[in-house]
Amino acid sequence: MSGKPSASSAGDNQSCPLTDVNLFLIDTALQEAIKREGGQSAVPQLTAFGSVCGSAEALEHGRSANDNPPILRTFDPMGRRLDRVEFHPSWHWLMSASADEGLHFGAWAHLDGETPRRPGANVERAGSFYMAAQMEAGHCCPVTMTNAAIPVIAKSEKLAAEWLPKITRRQYDQRFLPLSKKSAATIGMGMTERQGGTDVRAGTTMAVPDGESGPGQAYRLTGHKWFMSAPMCDAFLVLAQASGGLSCFLVPRFRPDDTVNALHFQRLKDKLGNRSNASSEVEFVEAHGVLVGEEGRGVATIIEMVTHTRLDCAVASAALMRRAVAEALHHTRQRQAFGRSLDGFPIMAGVLADLVLEVEAATALSFRLARSFDRASDGRAAAWRRLMTPVTKYWVCKVASSVIAEAMECMGGNGYVEEGGMPRLYREAPVNSIWEGSGNVMAMDVLRVLEKEPDAVETVLDDLTAAAGGDTHLKAALQRVRTMLHEPRLIEMRARALLEGLALTAAGCIIRAHAPQAVGDAFIAARLSGVPRFTYGQGLEWSDTKAILRRALPA
Ligand SMILES: Cc1cc2nc3c(=O)[nH]c(=O)nc-3n(C[C@H](O)[C@H](O)[C@H](O)COP(=O)(O)OP(=O)(O)OC[C@H]3O[C@@H](n4cnc5c(N)ncnc54)[C@H](O)[C@@H]3O)c2cc1C
């Protein structure tokens, strides 16, 4: 690791860049999570990818892909429609790096019929995704959508035969060509319309059969999507109203006769962050689409995709936090004030340790969730996946912004300056808590589980009770959660408190059982002992902050 000041920086009291580091090897919490949750066999591969993602070259591509956002080319010089989006070469470099790693299909490699199913596939992929998001988060959007679309496409034998061989390939093909002429493909998603994003049933895009109706049949789609990211994907899973109700369609960029499909891009969004990625407004003008699942079952069909993207939102948010906190640790170790390094001051050590605890929790929850995706046939894991997907997505994505803001402050003025990279992390963070179901939507989803699947809640609470063992604070935290569950009239107003309580208690249980004692003690003292706190750096006066910081970033 280039943690030693370089010749040019020695003596100027500035830290050296945190580049050319192996993002896997410098991250003890990540390594432990991978091994604990079933991804042990991927350690050599993760070690190799960690070196790619932490390289100066990769981070420079991340910078330039964001400094040179995509451009929409709507028409050619003669006024003919083009509807193409041009990306900077660095975007393509990042996409290739993640595709070589198989991140756009990692959990489904076995669908090729030859590759054996890997029992820890989701955990392994989450490990790589965690590092890819630290390298550059914007390109993770098409990567995650492609991976998540696979179980939906797999529902149709015909579409699976056509698309999956091109998706489950460790390749990236940026060319705008019909599928038959491409070596690899990516998939996007179009649900959100102007009049309703959360309320997708209010969608007005219409679909009429282009002959016979039913699953696998061709339809013509007319309408719009207000957000449709990564528009250069080769196809999109789109919701539209058919005569049987809201339905799911696969809408490719090219029609079966190889002519360009009628997806007319209106604009690209000018976004707070996520600037390397394009998010389009699009109109469908009798666009060709193929029905996936039954008419009227659109939400039920696409929900599998959304469940997978929610996992990735949590993993990516944990990754952004990790990157920001690693930068802060690295800087405060090297930067001196009043004759000693910044991280040697007790107040700063408390703030840094508190941030580290947040990353520990986010990592623990995200990888435990990934494990539950790997064990779908196990009832306990299925209960965890059902309840803890919205809980984890809610809490991890929500805390990312405040963690990154505090990490930025630890770096003083340098933290606020673009070229250091912290502003990009800060701008990127909120999107994960908005898309794929925002905070209140996660809360409502948990309320749905309480109402319709109470057994899943009981199963998770039983697991947590067993894990809490004799720890007084964990037991009390669990009791607070149980009390909330028995306040039926208050439950909607307290839903966010319930999600936060569940997230912190679950994280506390995992950390208590598996992290070093200093980490477990501090996490529980600062978050579960009932002392109110609203900013970071509180509640750790009895904690071994030095041990927490040592573990978080090797010297
Ligand atoms: C950068 C970016 C890229 C995106 N890419 C895509 C894409 O590729 N494909 C796609 O389909 N969408 C995409 N989206 C859209 C995104 O999924 C939606 O913005 C999101 O689902 C929220 O929908 P909305 O914007 O219509 O807000 P609304 O539905 O109007 O919601 C506004 C707020 O109200 C809350 N709310 C809604 N209903 C309730 C309720 N009953 N009770 C309490 N609170 C409620 C929501 O939680 C939210 O906080 C993208 C968004 C962004 C920012």
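Each value, and the rule that gives it
- Residues numbered from 1 in each chain as written.
- Predicted model: local features only at pLDDT ≥ 70, side-chain atom pairs only at ≥ 80, totals over all residues.
- Heavy atoms only, no water.
- Helix = DSSP H or I, 4+ residues; strand = E, 2+ residues; numbered from the N terminus.
- Rg over C-alpha atoms; globule rule 2.2 N^0.38 Å.
- Buried < 20%, exposed > 50% of the residue type's maximum accessible area, 1.4 Å probe, protein only.
- Contact = heavy atoms within 4.5 Å.
- Areas by Shrake-Rupley, 256 points an atom, 1.4 Å probe, with all protein chains shown as cover.
- Lys, Arg positive; Asp, Glu negative; His and termini not counted.
- Charge placed at Lys NZ, Arg CZ, Asp CG, Glu CD.
- pLDDT = per-residue confidence, 0-100.
- Expected span 1.5 Å × (residues − 1).
- Domains from an automatic or database assignment.
- Buried area = accessible area lost by both parts, 1.4 Å probe.
- Salt bridge = Lys/Arg side-chain N within 4 Å of Asp/Glu carboxyl O.
- Polar contact = N/O pair within 3.5 Å; in protein donor to acceptor, adjacent residues only side chain to side chain.
- Pairing = 2+ DSSP bridges.
- Near = heavy atom within 4 Å.
- Nonpolar A, V, L, I, M, F, W, Y, C, P; charged D, E, K, R; others polar.
- Axes fitted to C-alpha atoms, helices over the stretch in contact; angles between N-to-C directions.
- Parallel < 35°, antiparallel > 145°, perpendicular 65-115°, else oblique.

Quick look at the overall build of the protein
Next, step 1: Within the protein, the regular secondary structure consists of 18 helices and eleven strands.
Next, step 2: Computed over the C-alpha atoms, the radius of gyration of the protein is 24 Å, within 12% of the 24 Å expected from 2.2 N^0.38 for a compact globule of 555 residues.
Next, step 3: Looking at the protein residue by residue over its 555 residues, the buried ones come to 58%.
Next, step 4: When contacts within the protein are restricted to residue pairs at least 6 apart in sequence, long-range pairs at least 24 apart make up 71% of them.
Next, step 5: A total of about 22,600 Å² of accessible surface is found on the protein, and carbon and sulfur atoms cover 54% of it.
Next, step 6: Charged side chains in the protein number 60 positive and 62 negative. The centres of these two groups are separated by 1 Å.

Points about the confidence of the model for the protein
Next, step 1: Residues with a pLDDT of 70 or more make up 98% of the protein, whose mean pLDDT is 96.
Next, step 2: Contacts for the low-pLDDT stretch residues 1-9, under 50 throughout, to residues beyond four places or in other chains number 22 contacts.

Looking at helix H5 (residues 121-135)
Next, step 1: Helix length check: H5, at 15 residues, gives a terminal C-alpha distance of 21 Å against a target of 21 Å (1.5 Å per residue), a fit within 8%.
Next, step 2: Most of H5 is tucked away: 15 of the 15 residues are buried.

Things to note about the domain arrangement of the protein
Next, step 1: Taken domain by domain, the protein holds domain 1 (28-167) and domain 2 (186-297).
Next, step 2: Using only C-alpha atoms to locate each centre, domain 1 and domain 2 end up separated by 22 Å.
Next, step 3: Summing both partners gives a buried area of about 2,400 Å² for domain 1 against domain 2, and 73% of it is carried by carbon and sulfur.
Next, step 4: Along the contact surface separating domain 1 from domain 2 lie zero salt bridges.
Next, step 5: For the pair domain 1 and domain 2, the interface holds six residue pairs in polar contact (both at pLDDT 80 or more).
Next, step 6: Counting residues per element, the ones that place at least two in the side of domain 1 that touches domain 2 are helix H3 (56-67), strand S1 (71-75), strand S2 (81-86), helix H4 (89-100), helix H6 (140-153) and helix H7 (157-167).
Next, step 7: In terms of residue count, H6 provides more of the side of domain 1 that touches domain 2 than any other element does, seven residues in total.

Examining the pairing of S2
Next, step 1: Judged from the four bridges that link them, S1 and S2 form a sheet pairing that is antiparallel. Its bridge partner lying in S2, Arg73 is registered against Arg84.
Next, step 2: Hairpin geometry of S1 and S2 is characterised by an intervening segment of five residues between the two adjacent antiparallel strands and by a positive phi of about 85° at Gly79.

Overview of helix H14 (residues 454-468)
Spacing of three or four residues puts side chains on the same side of an α-helix, whose turn is 3.6 residues.
Next, step 1: Taking 1.5 Å per residue, 15 residues should reach 21 Å; H14 reaches 21 Å between its end C-alpha atoms and fits that length.
Next, step 2: By the burial criterion, the buried members of H14 are Ala456, Val457, Thr459, Val460, Leu461, Leu464 and Ala468.
Next, step 3: Contacts made by the buried residues of H14 are with helix H10 (379-410), helix H13 (439-452), helix H15 (472-485) and helix H16 (495-514).
Next, step 4: At the C-terminal side of H14, Gly469 shows a positive phi close to 55°.

Re the pattern of salt bridges
Next, step 1: All told, the structure shown has 40 salt bridges when counted by the stated rule.
Next, step 2: Arg551 serves as the salt-bridge partner of Glu32, at 2.9 Å between the closest nitrogen and oxygen. With Glu32 in helix H1 (residues 28-36) and Arg551 in helix H18 (residues 545-552), this residue pair connects regions lying 519 residues apart in the sequence.
Next, step 3: On the basis of relative accessibility, which here comes to 12%, the residue Arg551 falls in the buried class.
Next, step 4: Lys225 is paired through a salt bridge with Glu193; the nearest N and O atoms lie 2.8 Å apart.

Focus on the side chain of Asn274
Next, step 1: When you line up the elements, Asn274 lands in the loop between strand S8 (263-268) and strand S9 (279-292).
Next, step 2: Judged by relative accessible area, Asn274 falls into the buried class, the value being 3%.
Next, step 3: A polar contact of 3.1 Å, which involves the side chain of Asn274, links it to the side chain of Asn277.
Next, step 4: With sequence-adjacent residues up to four places away left out, Asn274 is seen in contact with Gly138, Ser279, Glu428 and Trp435.

Here's the deal with the site of the ligand
Next, step 1: Surveying the vicinity of the ligand reveals 20 residues, the closest of which are Met191, Thr192, Thr198, Ser229 and Ser438.
Next, step 2: Gly197 has a polar backbone atom sitting 2.9 Å from an oxygen atom of the ligand.
Next, step 3: At 2.6 Å from an oxygen atom of the ligand is found a side-chain nitrogen or oxygen belonging to Thr198.
Next, step 4: Coverage of the ligand by the protein chains reaches 66% of its 980 Å² of free accessible surface.
Next, step 5: Secondary-structure elements contributing two or more residues to the shell around the ligand are strand S3 (187-190), strand S5 (218-229), helix H12 (422-434) and H13.
Next, step 6: Grouping the amino acids of the shell around the ligand by side-chain chemistry returns nine nonpolar, nine polar and two charged.

A closer look at the environment of His61
Next, step 1: Inspection of the secondary structure puts His61 in helix H3.
Next, step 2: Separated by 47 residues in the primary sequence, His61 and Gln14 have C-alpha atoms spaced 24 Å apart.
Next, step 3: Among residues more than four places away in sequence, those in contact with His61 are Ser90, Trp93 and Leu94.
Next, step 4: Here Ser90 takes part through its side chain, which lies 2.8 Å from a polar atom of the side chain of His61.

Thoughts on the packing of H13 against H14
Next, step 1: Contact geometry for H13 and H14: axes closest at 5 Å, N-to-C directions at 100°. Our classification of the angle between H13 and H14 gives roughly perpendicular. Residues Val449, Leu450, Glu451 and Lys452 of H13 form the contact with H14, whose participating residues are Pro454, Ala456 and Val457.
Next, step 2: Looking at the contact of H13 with H14 residue by residue, the class counts come to five nonpolar, no polar and two charged.

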